[in-house]
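Structure at a glance
Listed here are the chains, written in short residue letters.
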Amino acid sequence: MSAIQVFDPALCCSSGVCGTEVDQALVTFAADVAWAKEQGVAIERFNLAQQPMQFAETPAVSAFLTHAGEEGLPLVLVEGQVVLTGRYPSRSELARYGGLPVPQAAIKGIVKGDCCSGSGCC
């Protein structure tokens, strides 16, 4: 499995799921991270407000911040390579990054009767 690192913007706490106005994207992402960890994926999160040295000491992150600034965060690395910027990954993306099969709920297949009145063409 691949190691995933998520570099968050400055958040009020380590998860960002705190305070009076909680961002739903952070709630969803926190649940997706917990799910991925339960599946054995190695995920680390770093908060700019609490762990600034990790940002400065990680070459890909430091270079990214030089050009995009904090506004470009979050930043996701897989095995040290930038794979996503500006938003949090979905559960299916986390699964792919971690080398897991895509969760069944994320697979959008064709259900019999959903396509062109059963003709098979869409």
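Starting from 1, residues in each chain are numbered consecutively following that chain's sequence as written. For a predicted model such as this one, the threshold for reporting local features is a pLDDT of at least 70, and the threshold for listing and counting side-chain atom pairs is 80 or more; totals across whole chains, interfaces and linings nevertheless cover every residue. To get the side-chain values, all heavy atoms of the structure are used, and hydrogens and water are removed first.

- Under the annotation held in an unreviewed UniProt entry, the protein carries the name Arsenite efflux transporter metallochaperone ArsD and is attributed to Aeromonas popoffii.

1. Topic: the overall build of the protein
- Within the protein, the regular secondary structure consists of four helices and four strands.
- Two residues form a contact once any of their heavy atoms are found within 4.5 Å. The contacts of the protein with a sequence gap of at least 6 include a subset with a gap of at least 24, amounting to 57%.
- The Shrake-Rupley method, run with a 1.4 Å probe, gives the accessible areas here. Residue values count only the displayed protein chains as cover. Accessible surface, the protein as shown: approximately 7200 Å² in total, 54% of it carbon and sulfur. Secondary structure elements follow DSSP: runs of H or I of four or more residues count as helices, runs of E of two or more count as strands, with numbering from the N terminus.

2. Notes on the packing of aromatic side chains
- Working definition: a ring pair exists when centres of Phe, Tyr or Trp rings (six-membered ring for Trp) sit within 6.5 Å. Plane angles under 30 degrees give stacked, over 60 give edge-to-face, the rest tilted. If you walk through the whole model with that rule in mind, you get three aromatic pairs.
- Judged by centre distance (5.1 Å) and plane angle (85°), the ring pair of phenylalanine 7 and phenylalanine 55 falls under edge-to-face. Pair noted here: phenylalanine 7 is in strand E1 (residues 3-8) and phenylalanine 55 is in helix H2 (residues 52-57), with a separation of 48 residues, a long-range link.
- Aromatic ring contacts, followed pair by pair, group Phe7, Phe46 and Phe55 into a single cluster.

3. A short note on the side chain of aspartate 8
- Considering the arrangement of structural elements, one finds aspartate 8 in strand E1.
- At 2.5 Å, the side chain of aspartate 8 and the side chain of tyrosine 88 are in polar contact. Nitrogen and oxygen atoms within 3.5 Å of one another constitute a polar contact, given that in protein one can donate a hydrogen and the other can accept it, and given that sequence-neighbouring residues count only through two side-chain atoms.

4. Comments concerning the nonpolar core
- We define a nonpolar core as any set of buried Ala, Val, Leu, Ile, Met, Phe, Trp, Tyr and Cys residues linked to one another through side-chain atoms lying within 4.5 Å. Burial status follows relative accessibility: with a 1.4 Å probe on protein chains alone, a residue under 20% of its type maximum counts as buried, one over 50% as exposed, and anything between as partly exposed. By size, the foremost hydrophobic cluster in this structure holds 18 residues, and its most contacted members are Ile4, Val6 and Ile43.
- Of all the secondary structure elements, the ones that give two or more residues to this core are E1, helix H1 (24-38), strand E3 (75-78) and helix H4 (91-98).
- If you tally residues by element for this core, the top one is H1, at five residues.
- Those residues in contact with isoleucine 4 that lie beyond four places of it in its chain are Val41, Ala42, Ile43, Glu44, Val76, Leu77, Val78, Leu94, Tyr97 and Gly98.
- By size, the runner-up hydrophobic cluster in this structure holds nine residues, among which are Leu48, Phe55, Val61 and Leu75.

5. Considerations on the side chain of threonine 58
- Position of threonine 58 among the secondary structure elements: in the loop between H2 and helix H3 (59-68).
- Threonine 58 gets classed as buried once you look at its relative accessible area, which sits at 11%.

6. With respect to the pairing of strand E4 (residues 81-85)
- Pairing between two strands is assigned when DSSP locates at least 2 bridges connecting them. Looking at chain direction, E3 and E4 are connected through four bridges and run antiparallel. Note that in E4 the partner of leucine 75 across the bridge is threonine 85.
- The antiparallel pairing of E3 with E4 creates a hairpin that spans two residues between the two strands, and glutamate 79 there sits at a positive phi of about 50°.

7. A short note on the sheet that holds E4
- With respect to topology, four strands assemble into an open sheet ordered E2-E1-E3-E4, the strand pairing being mixed. Of all the strands in the sheet, the pair left with one neighbour each is strand E2 (42-47) and E4. Adjacent strand axes in the sheet meet at a mean angle of 20° when their direction is disregarded.
- Where E1 lies against E3, four bridges are found, and the strand directions are antiparallel. The residue of E3 that forms the bridge with glutamine 5 is leucine 77.
- Sheet strands in contact with H3 are E1, E3 and E4, and its direction is about 150° off that of E3. Every angle, taken between N-to-C directions, lies between 0 and 180 degrees, and every axis is a line fitted to C-alpha atoms, over only the stretch in contact when it is a helix.

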